[in-house]
Amino acid sequence: MRKALILVNQQHDDPKFTELPGAAVDAKHLKAVLGAGEIGGFDVNIVGPDKTARDWQKAIQAFFNNATRDDLLLLHLSCHGRKDARNRLHFVTRDTEHDMLEATAVSAEFLADRMEQSRSRSTVLLLDCCYSGAFTKGVRTRGAPSPDVDVSGAFQGKGRVVITSSTSLQYSYESEARSRQPQLPSVFTSAIVDGLSSGDADLNNDGLITVDELFQFVSDRVTEKFPEQTPTLSVVSASGEIVLAGNPKACPLPRNPPEPQDPLAPAAAKLALRVRGTLPRLAEEQRLPLRWHLAPHGLTAPWFAIRDAFAIRDSDDKESAEPPSLTGELNDIVAAYRSVPSGRLLVLGQAGSGKTTLIQQFALALLTRPPAERPATDPVPVIFAIGAWNPVTTTLEGWLTDQLLRDYPALEAFGPNGSTSAAELVQDRRILPLLDGFDEIAEGLRVEALNALNGASEREWKFVLTSRAEEYKKAVDSERSEGVLSSAAGIELIDLSLESASTYLKSGHRNSAWEPVLTALQQPQNAPGAALAEVLKTPLMVSLARKVYRASRGRTPSELLQKFDTPAAVEDHLLDSFVATAYPNQAENRSRWAPERVHRTLGYLANHLERAGTPDLEWWAFGTSLRLLPRTLVVGLVCGLVFGLMQTLMIFAVPMNGRAGETTFALALTGERTVVIGATFGLLHAIAVRFWPATLKPLRELPQIRARQERTSDRSPEKFVSGFRDGFPIGAVAGLVGILGLVAGDGLLAGLWVGQPGGILKLLVQEFLPGLIGVLGVALVVGLVAGLMAWCSTPVDTDAADGTATLLKINRTGVLLQALAFALMGALGLGAVDALVQGAVLGTLFGVMGGLTIGVCGAFSITAWGQWVVFARIWLPLTGRMPWAVAAFLDDACGRGVLRQAGAAYQFRHARLQGRMLQFWRDLSDHPARHV
């Protein structure tokens, strides 16, 4: 059955909340279209327009509690949204009090819990309120979703989908009055109603309107009217397409439509949707006039090579067909790219000239074209931070595949040819790589990277590459270089004019603070303003100047003319002021991050990236900038302490017959074993770093005991064998080092305890056979569990992997399941073997401790999530280099514009900002007293 609940509020007892007179109209129009039999066919109930929080909570609980497994539920909220001091979202009802938000409003947590507990497998939530994107921050995933798209029957999809009218940071455009007018629906709800009632949301014209199609339609319609408002889509779990409505203009489709002709189309469509959701939308006032002209002669390929790429011509005519005029501005970038026959474009510009902004808007423009202009086989534009690529160790195709798998785990699923979907999308050229930051590749590798990209021309790769002009020219001019980028046209970004910079700066201020500064810059031979005039040629510095002096109190832009003599000094001042503006003093702002600690943390992150040689701040790689020895010691210390705590608890849990001597010896034995176990798993971590680095990568699959029928083909014997083959040597090394160390340590301690230190040799001889059996047992346990976990794992849906927080949860769940499996299997297997040698009681104790040790310490030493816990959550905060709430800090830094999220990784918003924070860290290391 199809059920819909509409919650709406327009009046408020508290005068601090503005009225929403159009909310009732929202409910009326939406009910009509959802209830229409030829469109939605829902049984619709409206609660409102002016009910209390208690009324809403009762309606929500009844709506979800009364649902059956096969019901499709749709819940729509039209109201004010407000966030509390901890950034948690609340929905405002008639009796909500502005200053008592948590006690009088309906919390997003309550709604998320009701959704989680519902028996329905198909739920769609539509949120039309401020900050609505914050709802998905705490939603828990349920089950292991699948990336497959199944349209074999109408209304058969299932999952939980959330569509919001704005992001978690947006306060309803810039004022609610722009979007909500009396007696008219909101822009968001109006787009929903129009898309369903007209059938225009049926983007592929198959007669059905899916959730994805409705979101694309609504997103385009909303951002067309208000570019600063960004609807969001979050698929918490999904299996197949959820069909919301039929197209009233279309003829009914057969119950079983034909299979799609393109087997990679579903994966490409899902990837395009997720990529589109990560791209920023710029409002008009945020747009600087980026302009470009043809790149300098000698840095690009000759026109005939660009023209004839991928084609065999009948003549050697190198003069015909004039090249296009590659000049233009931001809105012309798609047309410029299409005019390049080879599909290869080089974008050059100085630091801060807007290269990243250009390709972001280029990708967004490609993905938001009307369906008629978007052929299904068009490659999906995906931005890659190429600075992380090592062309000596990894091919371009291999690296692109790894990056896709890192950021979109569902592409781990099998494609039509038996490889991963990511690999097949790359091999079939179904992605358009936008390679950002050639200049950020390590200097010694740039020539190899350029040669590798030239080799890609033979494989008909199309791509866009950005770089600073100087670094690119050095690579081209090198003796080892094969020349300019093959078959690539080139453009170079032009410096901003003073007029353009002036217009942008003045638009950010209600007063005339910039007027005297800009007037002084227009004077000829103005020595004090020469440095500032040079700095204001780059969009990065202009945008920073606008932000800094728009937010600063008691400071005016005039200081830029008076205090700084060189462009570098002005730039450093703007970068420092930008961070200070983003993190004001706690006395002036309710920020949880002290500014001095923020600088230290950002400095450490910049130093970490410099040492790692990558622009990508990956959560599982926080420890990689440490040298191997201290890294090994940290892992060993944590694992040893964890083991020691478990052993100590077991000592006091097991009676010692009241003899103090036995307890003392047991505690001494625990101390010795703590050292041995810590050393064992520290060594195991070091071996994994050198020989099994794949074990330290994030999980892209989760174990699922009951796989759906369409996924059982993935459970091949080869997967079990592969997992066993990977796990057996790890178990063998851990068993050999650990058991040998325990036998030696126990023997030495026992000998010293009774006054016979030489007893260690005797013990080694006595324990040789049991030890050998124990090593084999550990290896078998690890191999069998690894094989079983590999066999029953399925890829995580692309939509579910919505950023770092979700990927962290996925890995935490997977690692905990693995640790539990290792603990149970180890307790049974090792306990049974040891019971034959030492008896049932000691065998059981050994099995339990052995299983827990393998599961818990193994998780800390050789898994990605374990590295996150050991380094990011324990060691770095303990040593003062990172805050204890690391994940919250990183997300908050993205919200403040200091960092940005790039798939599963973070990056500094600008390389220049990263460089400035790196300099701060080095100054701090050299002169710590200056920063106390």
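Keep in mind the model is a prediction, meaning the values are calculated, not measured.

Digging into the overall build of the chain
Turning to step 1, where the next piece is worked out: Looking only at helices and strands, one finds 32 helices and 23 strands in the chain.
Turning to step 2, where the next piece is worked out: The buried share of the chain, taken over its 932 residues, is 54%.
Turning to step 3, where the next piece is worked out: Put simply, 78% of the contacts in the chain that link residues at least 6 apart link residues at least 24 apart.
Turning to step 4, where the next piece is worked out: Of the roughly 41,200 Å² that the chain leaves accessible, carbon and sulfur atoms contribute 55%.

Concerning unusual backbone geometry
Turning to step 1, where the next piece is worked out: Here the phi dihedral of Asn205 falls at roughly 55 degrees; this positive angle occurs in a residue that is not glycine.
Turning to step 2, where the next piece is worked out: Of note, Ser487 is a non-glycine position whose phi angle comes to about 60 degrees, a positive value.
Turning to step 3, where the next piece is worked out: The topology assignment puts Ser487 in the loop between α15 (469-477) and β18 (489-493).
Turning to step 4, where the next piece is worked out: Among the residues examined, Ser487 registers a relative accessible area of 11% and is labelled buried.

Observations concerning the environment of Ala872
Turning to step 1, where the next piece is worked out: Here Ala872 is to be found in helix α30 (residues 864-878).
Turning to step 2, where the next piece is worked out: Sequence separation of Ala872 and Trp620 is 252 residues, and the distance between their C-alpha atoms is 8.5 Å.
Turning to step 3, where the next piece is worked out: Ignoring sequence-local partners within four residues, the contact set of Ala872 consists of Phe622, Gln867, Pro877 and Val886.

As for the nonpolar core
Turning to step 1, where the next piece is worked out: Tyr583, Leu602, Leu605, Phe622, Trp868, Leu890 and Phe908 are the most contacted members of the largest nonpolar core, which totals 94 residues.
Turning to step 2, where the next piece is worked out: When residues of this core are assigned to their parent elements, the largest contribution, 8 residues, is made by α30.
Turning to step 3, where the next piece is worked out: Counting residues in each nonpolar core, the second largest holds 72 residues, with Ile306, Leu404, Ile431 and Ala469 among its members.

With respect to the sheet that holds strand β19 (residues 617-618)
Turning to step 1, where the next piece is worked out: The strand order across the open sheet formed by 3 strands is β19-β23-β22, and the pairing between neighbours is antiparallel. Of all the strands in the sheet, the pair left with one neighbour each is β19 and β22 (899-902).
Turning to step 2, where the next piece is worked out: As paired strands, β19 and strand β23 (residues 905-908) are joined by 2 bridges and run antiparallel to one another. Bridging across to β23, Leu617 finds its partner in Tyr906.
Turning to step 3, where the next piece is worked out: Sheet strands in contact with helix α31 (residues 886-895) are β19, β22 and β23, and its direction is about 105 degrees off that of β22.

Examining the environment of Leu808
Turning to step 1, where the next piece is worked out: Take Leu808: it is sitting in helix α28 (residues 804-838).
Turning to step 2, where the next piece is worked out: By relative accessible area, which is 11% here, Leu808 ends up buried.
Turning to step 3, where the next piece is worked out: When the C-alpha atoms of Leu808 and Trp620 are compared, they prove to be 9.0 Å apart, with 188 residues separating the residues in sequence.

A closer look at α31
Turning to step 1, where the next piece is worked out: Regarding α31, the residues found buried are Val886, Phe889, Leu890, Asp892, Ala893 and Cys894.
Turning to step 2, where the next piece is worked out: Residues of α31 that are buried in the fold lie against α22 (595-612), β19, α30, β22 and β23.
Turning to step 3, where the next piece is worked out: Backbone geometry just downstream of α31 places Gly897 in the positive-phi region, at approximately 85 degrees.

Some words on the pairing of strand β15 (residues 380-385)
Consecutive side chains of a regular strand alternate in pointing toward one face of the sheet and then the other.
Turning to step 1, where the next piece is worked out: In terms of burial, β15 is largely enclosed, as 5 of its 6 residues are buried.
Turning to step 2, where the next piece is worked out: Pairing of β15 with strand β16 (residues 431-436), which is carried by 6 bridges, proceeds in the parallel orientation. Among the inter-strand pairings, Pro381 is bridged to a residue of β16, identified as Leu432.

Observations regarding the sheet that holds strand β6 (residues 106-107)
Turning to step 1, where the next piece is worked out: Read from one edge of the open sheet, 3 strands run β4-β5-β6, paired in antiparallel fashion. A single partner strand is all that each edge strand has here, and the edge strands are β4 (81-83) and β6.
Turning to step 2, where the next piece is worked out: With 3 bridges connecting them, β4 and strand β5 (residues 89-91) associate as antiparallel partners. For Lys83, the partnering residue across the bridge sits in β5 and is Leu89.

Some thoughts on the packing of aromatic side chains
Turning to step 1, where the next piece is worked out: Applying the stated rule across the entire model yields 11 aromatic pairs.
Turning to step 2, where the next piece is worked out: Seen in terms of ring centroids, Tyr604 and Trp921 are 5.7 Å apart; in terms of plane orientation they differ by 65 degrees. Their pairing is edge-to-face. Pair noted here: Tyr604 is in helix α22 and Trp921 is in helix α32 (residues 911-926), with a separation of 317 residues, a long-range link.
Turning to step 3, where the next piece is worked out: Feature note: the residues Trp619, Trp620, Phe622 and Trp868 constitute an aromatic cluster, connected by ring pairs.
Turning to step 4, where the next piece is worked out: Looking at Arg2, its charged tip hangs above the ring of Phe42, at a distance of 4.4 Å from the centre.
Turning to step 5, where the next piece is worked out: Directly above the ring of Tyr504 sits Arg546, whose terminal nitrogen or CZ lies 4.6 Å from the centroid.

Structural notes on the environment of Ile386
Turning to step 1, where the next piece is worked out: In this structure, Ile386 sits in the loop between β15 and α12 (396-407).
Turning to step 2, where the next piece is worked out: Of the residues examined, Ile386 reaches a relative accessible area of 0% and is grouped as buried.
Turning to step 3, where the next piece is worked out: Separated by 47 residues in sequence, Ile386 and Pro433 have C-alpha atoms that sit 9.8 Å apart.
Turning to step 4, where the next piece is worked out: Look past the residues within four positions of Ile386 in its chain and what remains in contact with it is Trp399, Leu435, Asp436, Gly437, Phe438, Ile441 and Leu465.

Remarks on the side chain of Asp892
Turning to step 1, where the next piece is worked out: Along the chain, the position of Asp892 falls in helix α31.
Turning to step 2, where the next piece is worked out: Of the polar contacts made by the side chain of Asp892, one reaches the side chain of Arg896; its length is 2.5 Å.

Considerations on the pattern of salt bridges
Turning to step 1, where the next piece is worked out: For the structure shown, the criterion picks out 25 salt bridges.
Turning to step 2, where the next piece is worked out: Asp71 is the partner of Lys3 in a salt bridge, and the nearest nitrogen-oxygen pair spans 3.3 Å. Taken together, the residues span a long stretch of sequence, with Lys3 in strand β1 (residues 2-8) and Asp71 in the loop between α2 (53-65) and β3 (72-78) at a distance of 68 residues. Judged on exposure class, the residue Lys3 and its partner Asp71 are both buried.
Turning to step 3, where the next piece is worked out: Among the charged side chains, a network of salt bridges with common partners joins Glu571, Asp572, Asp576, Arg912 and Arg916.

Description of the side chain of Ser467
Turning to step 1, where the next piece is worked out: Here Ser467 shows up in strand β17 (residues 463-467).
Turning to step 2, where the next piece is worked out: If sequence neighbours within four positions are ignored, Ser467 has contacts with Val347, Leu348, Gly349, Lys355, Phe438, Asp439 and Tyr472.

Observations concerning the confidence of the model for the chain
Turning to step 1, where the next piece is worked out: Model confidence for the chain is summarised by a mean pLDDT of 78, while 78% of its residues fall at 70 or above.
Turning to step 2, where the next piece is worked out: Below a pLDDT of 50 lies the segment residues 312-320, which in the model reaches 8 contacts outside its immediate sequence neighbourhood of four places, other chains included.

Thresholds, definitions, all that
Residue positions within a chain follow its written sequence, with the count starting from 1. The model is predicted, so local features are restricted to residues of pLDDT at least 70 and side-chain atom pairs to those at 80 or more, both for listing and for counting; the totals for chains, interfaces and linings are taken over all residues. Here the side-chain values reflect all heavy atoms present in the structure, with hydrogen atoms and water set aside. Helix and strand definitions here come from DSSP, where helices need a minimum of 4 consecutive H or I residues and strands a minimum of 2 consecutive E residues; each element is numbered from the N-terminal end. Exposure classes here rest on a 1.4 Å probe applied to the protein chains alone. A residue is buried below 20% of its type maximum, exposed above 50%, and partly exposed in between. The contact criterion used is simple: two residues touch if any of their non-hydrogen atoms lie within 4.5 Å. Accessible surface is estimated by sampling points in the Shrake-Rupley manner with a 1.4 Å probe; for residues, cover comes only from the protein chains shown. In this description, a nonpolar core means a group of buried Ala, Val, Leu, Ile, Met, Phe, Trp, Tyr and Cys residues linked to one another through side-chain atoms lying within 4.5 Å. When DSSP finds two or more bridges between two strands, those strands count as paired. Every axis corresponds to a line fitted to the C-alpha atoms, with the helix fit spanning only the stretch in contact, and the corresponding angles, defined between N-to-C directions, vary from 0 to 180 degrees. Only Phe, Tyr and Trp rings are paired, with Trp represented by its six-membered ring, and only when their centres lie within 6.5 Å; those with planes under 30 degrees apart are stacked, over 60 edge-to-face, the remainder tilted. Note on criteria: charge over ring means Lys NZ or Arg CZ within 6 Å of the ring centre, with the direction from the centre no more than 35 degrees off the ring normal. N or O atoms closer than or at 3.5 Å make up a polar contact, with two conditions inside protein: a donor-capable atom paired with an acceptor-capable one, and, for residues adjacent in sequence, both atoms drawn from side chains. Every case where a carboxyl oxygen of Asp or Glu lies within 4 Å of a side-chain nitrogen of Lys or Arg is listed as a salt bridge. Think of pLDDT as the predictor's per-residue confidence, scored from 0 to 100.

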